[in-house]
Amino acid sequence: MLTPVSGNKIEYDIRTYRNHRTVVSEKSETPLKIKVSAGAIAGTVLPMVYLAKKQNAKLYNIKYGVKELLLVSTCGIAGGTAAGAIAEKEHRKQKLNEGVFQFMNAAVPTLICGGLFELSKKIKSLNNNIFRVGATAVGLVAGMHIAAAMSNKINDPQDKVPDRKLTIKDSIANIDDALGILVLTKVPIAEKLHVDKILPIIFSWCGYRAGMSN
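Conventions we followed
- Residues numbered from 1 in each chain as written.
- Predicted model: local features only at pLDDT ≥ 70, side-chain atom pairs only at ≥ 80, totals over all residues.
- Heavy atoms only, no water.
- Helix = DSSP H or I, 4+ residues; strand = E, 2+ residues; numbered from the N terminus.
- Contact = heavy atoms within 4.5 Å.
- Areas by Shrake-Rupley, 256 points an atom, 1.4 Å probe, with all protein chains shown as cover.
- Polar contact = N/O pair within 3.5 Å; in protein donor to acceptor, adjacent residues only side chain to side chain.
- 1 Å grid on protein atoms, 1.4 Å probe; cavity = no way out; pocket = protein on both sides within 12 Å on 5 of 7 lines; lining within 4 Å.
- Points joined across faces, edges and corners; volume = space filled by probe spheres on them.
- Nonpolar A, V, L, I, M, F, W, Y, C, P; charged D, E, K, R; others polar.
- Expected span 1.5 Å × (residues − 1).
- Buried < 20%, exposed > 50% of the residue type's maximum accessible area, 1.4 Å probe, protein only.
- Axes fitted to C-alpha atoms, helices over the stretch in contact; angles between N-to-C directions.
- Left-handed = near helix turned anticlockwise from the far one by under 90°.
- Parallel < 35°, antiparallel > 145°, perpendicular 65-115°, else oblique.
- Core = buried A, V, L, I, M, F, W, Y, C linked by side-chain atoms within 4.5 Å.
- Salt bridge = Lys/Arg side-chain N within 4 Å of Asp/Glu carboxyl O.

A. Summary view of the overall build of the chain. Looking only at helices and strands, one finds eight helices and zero strands in the chain. If you list the helices and strands of the chain from N to C, you get α-α-α-α-α-α-α-α. The long-range share in the chain, meaning contacts at least 24 apart out of those at least 6 apart in sequence, stands at 72%. Accessible area for the chain stands at about 12700 Å²; split by element, carbon and sulfur atoms hold 65% of it.

Rendered as structure tokens:
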């Protein structure tokens with residue numbers, strides 16, 4: 001309710017209205033956020049349990065290669081997307097589209113860098129940290145744009161709506177690609193900082209973004 005603030009003439013404090021509207025909006029989104037978070041976390045943890053058992057390792061000591069990165073990231077994104085689509089059916093299409101976008105952004109740069117890393121192991125002159133760092137940069141930048149183009153084609157094959165463009169927020173969020181690639185190419189700084197330990201958190205965040213998309 002709007003609040004009267006002076007004398008006989010009723011005036012309304014628009015700030016009270018705005019604050020009330022913000023609180024209502026946050027309350028209405030809270031159940032969705034909880035469900036999407038649960039879906040994204042479950043989607044990330046389940047394949048980690050499988051990998052830990054397969055590798056006979058602790059969850060925080062899983063060794064990540066291309067297959068492992070793709071498995072955990074895909075399941076995390078799928079979990080968040082599915083939870084959001086079930087909980088908010090009116091925005092299901094948008095969430096599925098964003099899920100595709102997040103998946104392509106996780107997969108394409110990883111596959112490009114994984115291929116370059118394998119190439120470096122076969123060619124002695126390329127088997128060094130300088131090439132790996134360069135491959136990381138190339139794979140990340142080129143992979144992001146290729147992934148965006150591919151996801152737009154998949155989501156809108158008839159090109160009826162404006163393309164989903166890469167944004168600054170996407171670039172920041174794609175830190176998961178950068179860290180995953182650093183782990184994959186075994187760049188020394190990644191091993192020293194134990195970057196692999198935070199990858200599951202970032203994969204869950206990608207799933208959360210997809211599930212909350214509208």
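B. Seen up close, the side chain of Asp-156. Within the secondary structure, Asp-156 is located in the loop between α4 (129-155) and α5 (168-173). A distance of 2.8 Å separates a polar side-chain atom of Asp-156 from the backbone nitrogen of Lys-160.

C. Layout of the layout of surface pockets. Considering only enclosed or pocket space, the largest pocket measures out at about 390 Å³ in volume. Along the wall of the largest pocket there are 19 residues; nearest its centre are Gln-94, Asn-97, Glu-98, Arg-164 and Ser-213. Breaking the lining of the largest pocket down by element, the ones donating at least two residues are α3 (92-122), α4 and α8 (199-212). It is α3 that contributes the most residues to the lining of the largest pocket, five residues altogether. Counted by class, the lining of the largest pocket contains six nonpolar, six polar and seven charged residues.

D. Highlighting α8. Taking 1.5 Å per residue, 14 residues should reach 20 Å; α8 reaches 20 Å between its end C-alpha atoms and fits that length. Counting buried positions over the 14 residues of α8 gives 12, a clear majority of the element.

E. Layout of the packing of α3 against α4. It is at 7 Å that the axes of α3 and α4 come closest, and there the two elements cross at 150°. In this structure, α3 meets α4 at a crossing whose hand is right-handed. The residue inventory of the contact of α3 with α4, partitioned by class, reads 18 nonpolar, eight polar and two charged.

F. Main features of the packing of α3 against α8. Look at α3 against α8: their axes get within 7 Å of each other, and the N-to-C directions meet at 155°. Relative to α8, the element α3 lies roughly antiparallel. Read as a crossing pair, α3 and α8 show a hand that is right-handed. Contacts between α3 and α8 involve Lys-95, Glu-98, Gly-99 and Gln-102 from the former and Cys-206, Arg-209, Ala-210, Gly-211 and Met-212 from the latter. Classifying every residue of the contact of α3 with α8 by side-chain character gives three nonpolar, three polar and three charged.

G. Examining the environment of Gly-80 more closely. Position of Gly-80 among the secondary structure elements: in helix α2 (residues 66-87). Judged by its relative accessible area of 0%, Gly-80 is buried. Excluding its chain neighbours within four sequence positions, the residues that come into contact with Gly-80 are Val-36, Gly-39, Ala-40, Gly-207 and Gly-211.

H. Looking closely at the nonpolar core. Counting 14 residues, the largest nonpolar core has Ile-62, Tyr-64, Leu-69, Val-72 and Leu-199 as its most contacted members. Broken down by secondary-structure element, the contributors of at least two residues to this core are α1 (14-55), α2, α6 (175-184) and α8.

I. Layout of the pattern of salt bridges. Scanning all chains against the criterion turns up three salt bridges. Residue Lys-33 is joined to Glu-29 by a salt bridge in which the shortest nitrogen-to-oxygen separation is 3.8 Å. Of this pair, Lys-33 and Glu-29 both sit in helix α1, four residues apart, which is roughly one turn of the helix. For Lys-95, the salt bridge is made with Glu-88, and the minimal N-O distance between the two is 2.7 Å. Considered together, Lys-95 and Glu-88 belong to a single accessibility category, that of buried residues.

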